[in-house]
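Observations on the three-dimensional arrangement
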Amino acid sequence: MAYRYKSDLSIRDVTPESFFINRRKLTLGFSAMAAGGLVGFNTANSEEAVTETPNTLEEISGYNNYYEFGTGKGDPAKYAGALTTEPWSVKIDGMVENPGEYSLSDLLKKMVLEDRIYRFRCVEAWSMVIPWRGFELADLLEFVGVKKETKYVAFETLLRPEEMWGQKKNYLDWPYREGLRLDEALHPLSIMATGLYGKALPNQNGAPIRLVVPWKYGFKSIKSIVRITLMEEQPRTSWSIANPREYGFYSNVNPAVDHPRWSQASERKIGSGFVAKRQPTLPFNGYGKEVASLYEGMDLQAFY
Ligand SMILES: Nc1nc2c(c(=O)[nH]1)N[C@H]1C(S)=C(S)[C@@H](COP(=O)(O)O)O[C@H]1N2
Ligand SMILES: [Mo]
């Protein structure tokens, strides 16, 4: 389970004094608070019942996949600083009751006011344990209103080659695109992350807002999202466009389905050092109890 905690903050804690006094402004377009930085959380936590030690901030922000900034694991830390993350808005369109361009700072304020900000500790599907901060994608979808025809949710990353030099290369079809089936998107483990370790997301981790789907392979967790589209048809996704045989739409962590070029039956925790033993990969990355029912009756070899 992603270990989920209610944020121990009230609006008082996340609101500058002047802002708090002029309460009325809370519902108005109030910009420029660092998107993730606005909602801090304390690290002290009495409910903690977590055995997995989180990776260090250095590991989490120093070893990344973010092809917009190069294909090397160290490239994002080197180059993602070039990305302007403020102001930021997310366009929500398609089969949605209230389509529009949503300012991220307004969205975050709303989530704080409604007490929908959580801390989550998840094992990310490429073997990091990350203390995220964010809210459930389901809460956002509820807010914008899902039309009944909706079957899938598509996501897009920012397209801005001036700041993302990797987008001048064609190793992927830009902008980076991902998708979930609606029931997957509505699952409480599907998180919109805006911070980690109590701070705004480092750019290399997908600032200012990214998806986290802990039971799927890492590439499903799309970074720096600018568009969410509710659809009837299954959306096309960057990796399955690049190589449909290797990357399917579902991409649930599944030790029984090998990648055509390597075994996925075991994995090595990142940060545990090269001497660390490989450990068996768990179905659904260890979240089977929570999510296996979504796939009941589906052939997961065919729908990989
Ligand atoms: N826009 C975008 N999102 C992306 C990627 C990318 O290249 N571009 N890489 C994916 C892959 S392959 C992984 S493993 C995770 C890595 O997330 P992390 O660097 O925060 O650990 O981000 C995913 N999201
Ligand atoms: Mo990945």
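Right above here is the structure, for reference.
Below or above, wherever it landed, is the structure these notes cover. Since the structure is predicted, the reported quantities are computational estimates derived from the model, not experimental observations.

Re the site of ligand 1
Near ligand 1 there are 16 residues, and of these Asn64, Tyr67, Glu68, Ser221 and Lys223 occur at the shortest range. The contact in question runs from an oxygen atom of ligand 1 to an N or O atom on the side chain of Trp126, over 2.9 Å. Take Arg210: an N or O atom from its side chain is 3.0 Å from an oxygen atom of ligand 1. Taken together, the residues of the shell around ligand 1 break down into 6 nonpolar, 6 polar and 4 charged.

A short note on unusual backbone geometry
Cis peptide bonds are those with omega within 30 degrees of zero, and the linkage from Glu86 to Pro87 qualifies with 0 degrees. For the bond from Trp174 to Pro175, the omega torsion is -5 degrees, close enough to zero to count as cis. Tracing the backbone through its elements, the reader meets Pro175 in the loop between strand S6 (152-157) and strand S7 (177-181). The backbone of Phe284 sits at a positive phi, close to 55 degrees, despite the residue not being glycine. By secondary structure assignment, the location of Phe284 is in the loop between strand S13 (279-280) and helix H9 (288-291).

Looking at a nonpolar patch on the surface
Nonpolar side chains collect at one region of the surface, where Tyr79, Trp165 and Tyr171 lie side by side and expose about 260 Å² of accessible area between them. When its relative accessible area of 32% is taken as the criterion, Trp165 is described as partly exposed.

Digging into the sheet that holds S7
A sheet is described by the order of its strands in space; here 5 strands give the open sequence S3-S2-S11-S6-S7, paired in mixed fashion. Each end of this open sheet is capped by a strand with a single partner; those strands are strand S3 (100-103) and S7. Within this sheet the neighbouring strands show an average axis-to-axis angle of 20 degrees, counted without direction. The sheet contact formed by strand S2 (residues 89-94) and strand S11 (residues 225-231) spans 4 bridges and is parallel. The residue of S11 that forms the bridge with Ile92 is Ile228. Seen against the sheet, helix H5 (residues 104-113) touches S2 and S3 and runs at an angle of roughly 70 degrees to S3.

Examining the side chain of Lys223
As for its position among the elements, Lys223 is in the loop between strand S10 (210-212) and S11. Buried Lys223, no salt bridge; nearest opposite-charge side chain is Glu124, N-O distance 6.5 Å. Within polar-contact distance, the side chain of Lys223 engages the backbone oxygen of Gln204 at 3.0 Å. Setting aside residues up to four positions removed in sequence, Lys223 forms contacts with Asn64, Asn65, Tyr66, Thr157, Gln204, Asn205, Gly206, Ile209 and Arg210.

A look at the environment of Val146
Mapping Val146 onto the fold places it in the loop between helix H6 (137-144) and S6. With a relative accessible area of 28%, Val146 lands in the partly exposed category. Beyond its immediate sequence surroundings of up to four residues, Val146 is in contact with Met95, Glu97, Leu141, Leu182 and Leu230.

As for the packing of H5 against H6
Two elements in contact, H5 and H6, have axes whose closest approach is 12 Å; the angle formed by their N-to-C orientations is 105 degrees. Accordingly, the angle class assigned to the pair H5 and H6 is roughly perpendicular. Residues Leu107, Lys110 and Met111 of H5 form the contact with H6, whose participating residues are Asp139, Leu140 and Phe143. When the residues that make up the contact of H5 with H6 are grouped by side-chain class, the tally is 4 nonpolar, no polar and 2 charged.

What counts, and where the lines are drawn
- Residues numbered from 1 in each chain as written.
- Chains lettered and ligands numbered in written order.
- Predicted model: local features only at pLDDT ≥ 70, side-chain atom pairs only at ≥ 80, totals over all residues.
- Heavy atoms only, no water.
- Near = heavy atom within 4 Å.
- Polar contact = N/O pair within 3.5 Å; in protein donor to acceptor, adjacent residues only side chain to side chain.
- Nonpolar A, V, L, I, M, F, W, Y, C, P; charged D, E, K, R; others polar.
- Helix = DSSP H or I, 4+ residues; strand = E, 2+ residues; numbered from the N terminus.
- Patch = residues over 30% accessible without salt bridge, like charges linked within 9 Å, V, L, I, M, F, W, Y side chains within 5 Å.
- Areas by Shrake-Rupley, 256 points an atom, 1.4 Å probe, with all protein chains shown as cover.
- Salt bridge = Lys/Arg side-chain N within 4 Å of Asp/Glu carboxyl O.
- Buried < 20%, exposed > 50% of the residue type's maximum accessible area, 1.4 Å probe, protein only.
- Pairing = 2+ DSSP bridges.
- Axes fitted to C-alpha atoms, helices over the stretch in contact; angles between N-to-C directions.
- Contact = heavy atoms within 4.5 Å.
- Lys, Arg positive; Asp, Glu negative; His and termini not counted.
- Parallel < 35°, antiparallel > 145°, perpendicular 65-115°, else oblique.

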